[in-house]
Amino acid sequence: MATPAQARVDLAAVRSNVARLRELAGGTELLGAVKADAYGHGLLPTAQAVLQGGAAMLGTAVISEALALRDGGVTAPILTWLITPDEPLDEALTRDIELSASDVRLLDEIAEAARRTGRTAKTHLEADTGMSRGGAPATDWPGLLDRAMKLQAEGAIEITGIWSHFACADIPGHPSIRRQLEAYESALKLAEQAGAAGSHVIRHISNSAAIVTLPEARYDMVRAGIGMYGLSPIPELGDFGLRQAMTLVARAALVKRVAEGSGVSYGHLHVCDRETTIAVVPLGYADGVLRHATDRAEVLAGGRRRRVTGRVCMDQFMIDMGDDKLSAGDEVVLFGPGDQGEPTAQEWADTLGTITHEIVTRIGSRVPRVHEQRSTE
């Protein structure tokens, strides 16, 4: 390890997690969401592992992510769903990226790009079934279908998917889940009546949480996100046989003795009640270590867990080693799968009042991702 810190990503764990999610989904085809740099795990190597694990398709939030996958040699189908006006739709179509549309405006933009490029745009229509985020609301859905069918007749687009997204699938039994399924069924029925839901059209609504709890929501494809990275979509129900892929480590930059009464870091929120050893760890909030980890989160150092001591800084934080030994260059583990007693990403999330998605996606770009093959498959 020649860098101050590394995010080590176990690609074997990613492959195994994808296979496990497919098993939990009863063998239903799976789209692997690799948006946000594959949830912070490194886009291209992780996407390749996702495909090796059995994913039939990849998903990205934005077009630039999909183009980066194509630049990296990925030939598998890719769906992109968060599209603002005047994006590079021509390039997306010429590079065979499937696009999602939630309104007539975007459908028309996609159709214009199709006419310019001479390509038929593979298009997924998104219905808003109750999340009030992406998707056409029920009042607009018939108009979206009507416009899509006209553009399909023209040859500008091909409707290849009809989809939606759960708001509360990670809260089993939440009443919105049933309401959303009913709304999705209604949207599908209208699509069938309009001729927009042929046998080749992929129906998909399930995220990782729905994969493990809602077999009735599998349809033609499920979409896995957080679960592929070994982080439970519903922590209170266990890990579902998934293994955390990321281990975040750093090397101690400085280790020194400080006197009793010494204040540590900005604001002197922590004052040493004895002479002690303080170690400086070269990761901070610029690297994704949340500032409110101050005096709360734990790391593994010198064979034991230590609490973050004093205020987390932009580039570093401190830990109190007491009288235990640690040397500059020794490894400190912020989180990992827990094999050596280190905290997990779930523990960090629980301690900081957030979700694992935020813990792993916040890790900044100056922390290199080191891709390894460690798990037994």
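Just so it is clear, the model here is predicted, and its values are computed rather than measured.

**Student:** Give me the lowdown on the overall build of the protein chain, citing residues and values where you can.
**Tutor:** Looking only at helices and strands, the protein chain features eleven helices and 19 strands. Seen through its C-alpha atoms, the protein chain measures out along the principal axes to roughly 80 × 45 × 40 Å. A buried classification covers 52% of the 377 residues belonging to the protein chain. Pairs at least 24 apart in sequence give 65% of the contacts found in the protein chain among residues at least 6 apart. When the accessible surface of the protein chain is totalled, it reaches about 15600 Å², and 49% of it is carbon and sulfur.

**Student:** Any details on the packing of helix α6 (residues 104-117) against helix α7 (residues 141-154)? Residues and values, ideally.
**Tutor:** Following both chains from N to C, one finds α6 and α7 inclined at 10°, their axes separated by 10 Å at the closest point. As far as their axial angle goes, α7 and α6 are roughly parallel. Contacts between α6 and α7 pair V104, L107, D108, A111 and R115 from the former with G143, L144, R147, A148, L151 and E154 from the latter. Split by residue class, the contact of α6 with α7 holds six nonpolar, one polar and four charged.

**Student:** Explain the pairing of strand β1 (residues 5-10) residue by residue, including any values.
**Tutor:** Along a regular strand, successive side chains alternate from one face of the sheet to the other. With respect to burial, β1 is a largely interior element, six of its six residues being buried. Going residue by residue along β1, you find A5, A7 and V9 tucked away on one face and Q6, R8 and D10 tucked away on the opposite face as well. The pairing of β1 with strand β10 (residues 246-251) spans five bridges and is antiparallel. For Q6, the partnering residue across the bridge sits in β10 and is V249. Taken together, the four bridges between β1 and strand β19 (residues 369-372) define a ladder with parallel strand orientation.

**Student:** Break down the packing of aromatic side chains for me, with residues and values.
**Tutor:** This model, assessed by the stated rule, comprises four aromatic pairs. Relative to W163, the ring of W81 lies with its centre 5.9 Å away and its plane at 55°, an arrangement referred to as tilted. Of this pair, W81 sits in the loop between β4 (78-80) and α5 (89-94) while W163 sits in strand β7 (residues 157-163), and the two are 82 residues apart along the sequence. As far as the burial class goes, W81 and W163 line up, both buried.

**Student:** Residues and numbers for the sheet that holds strand β14 (residues 276-281), please.
**Tutor:** Reading across the sheet, the nine strands line up as β11-β14-β17-β16-β15-β18-β10-β1-β19 and stay open at both edges, with mixed pairing between neighbours. Bordering the open sheet on either side are β11 (254-258) and β19, each of which pairs with just one other strand. In this sheet, adjacent strand axes meet at a mean angle of 35° when their direction is disregarded. Of the strand pairs in this sheet, strand β15 (residues 298-301) and strand β16 (residues 304-309) are connected by four bridges, and their pairing is antiparallel. Its bridge partner lying in β16, L300 is registered against R305.

**Student:** Requested: an account of the pattern of salt bridges, with residues and values cited.
**Tutor:** Overall, the coordinates contain 26 salt bridges when judged by the stated rule. E23 serves as the salt-bridge partner of R20, at 3.2 Å between the closest nitrogen and oxygen. Here E23 and R20 lie together in helix α1 (residues 11-24), a separation of three residues that amounts to about one turn. Among the residues examined, R20 registers a relative accessible area of 24% and is labelled partly exposed.

Criteria and cut-off values
Residues numbered from 1 in each chain as written. Predicted model: local features only at pLDDT ≥ 70, side-chain atom pairs only at ≥ 80, totals over all residues. Heavy atoms only, no water. Helix = DSSP H or I, 4+ residues; strand = E, 2+ residues; numbered from the N terminus. Buried < 20%, exposed > 50% of the residue type's maximum accessible area, 1.4 Å probe, protein only. Contact = heavy atoms within 4.5 Å. Areas by Shrake-Rupley, 256 points an atom, 1.4 Å probe, with all protein chains shown as cover. Axes fitted to C-alpha atoms, helices over the stretch in contact; angles between N-to-C directions. Parallel < 35°, antiparallel > 145°, perpendicular 65-115°, else oblique. Nonpolar A, V, L, I, M, F, W, Y, C, P; charged D, E, K, R; others polar. Pairing = 2+ DSSP bridges. Phe/Tyr/Trp six-rings, centres within 6.5 Å; stacked < 30°, edge-to-face > 60°. Salt bridge = Lys/Arg side-chain N within 4 Å of Asp/Glu carboxyl O.

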